[in-house]
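# Results of the structural survey
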Amino acid sequence: QVQLVESGGGLVQAGESLRLSCAASKRTFSSYAMGWFRQAPGKGREFVAAITWSFGSTTYADSVKGRFTISRDNANKTVYLQMNSLKPEDTAVYYCASSRILNWDSKSYDFWGQGTQVTISS
């Protein structure tokens, strides 16, 4: 089983940046890709970005393209989400998760972290 721990959330003003980290307890054969999702109050869970461990292939939601960058550090089993030009609508709890495929569907993600709160003030 893969355990995931997110960190790096906080309160910043619009236009500022944050970097989230997701540390994995181990990387198994079933964890081909890692994704970031977010959930705002009263809304469903939304895909943000995903990356593969092996080749670093990435995919992003349209709402964050050009502002967010996902990356990984294989040696430290850590995935990052660099968030720039933050907007109030980016406010949410951000979760990382592991999946056997690179995709946006939360149903294909097997293991989830506990989430980290990101709040953007206007």
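Everything below is about the structure printed above this text.
Now for a quick tour of the structure. Please read these numbers as outputs of a predicted model, since none were measured by experiment. (Residues numbered from 1 in each chain as written. Predicted model: local features only at pLDDT ≥ 70, side-chain atom pairs only at ≥ 80, totals over all residues. Heavy atoms only, no water.)

A few words on unusual backbone geometry. In the Ramachandran plot, K77 falls in the positive-phi region, its phi being about 50° despite a non-glycine side chain. With respect to the helices and strands, the residue K77 is situated in the loop between β7 (68-73) and β8 (78-83). Owing to a relative accessible area of 26%, K77 belongs among the partly exposed residues under this scheme. For S85, which is not glycine, the phi dihedral falls at a positive 50°. Residue classification places S85 among the partly exposed positions, given a relative accessible area of 41%. (Helix = DSSP H or I, 4+ residues; strand = E, 2+ residues; numbered from the N terminus. Buried < 20%, exposed > 50% of the residue type's maximum accessible area, 1.4 Å probe, protein only.)

It is worth spelling out the side chain of S21 at this point. Along the chain, S21 turns up in strand β3 (residues 18-24). When its relative accessible area of 17% is taken as the criterion, S21 is described as buried. In contact with S21, not counting residues within four places along its chain, are V5, E6, S7, W36, T78, V79 and Y80. (Contact = heavy atoms within 4.5 Å.)

Under the criterion given, the structure shown has 5 aromatic pairs. Aromatic side chains F37 and Y109 sit 4.9 Å apart centroid to centroid with 80° between the ring planes, which places their arrangement in the edge-to-face category. In this pair, F37 is assigned in strand β4 (residues 33-39) and Y109 in strand β10 (residues 109-112), connecting sequence segments 72 residues apart. Like F37, the residue Y109 is buried in the burial classification. Residue classification places F37 among the buried positions, given a relative accessible area of 1%. (Phe/Tyr/Trp six-rings, centres within 6.5 Å; stacked < 30°, edge-to-face > 60°.)

Ranked by internal contacts, the top residues of the largest apolar core, which has 33 residues, are W36, L81, M83 and Y94. Looking at this core, the element that brings in the most residues is strand β5 (residues 45-52), giving 5 residues. Here M83 is in contact with E16, S17, L18, L20, R67, F68, Y94 and V118, once residues within four sequence places are set aside. (Core = buried A, V, L, I, M, F, W, Y, C linked by side-chain atoms within 4.5 Å.)

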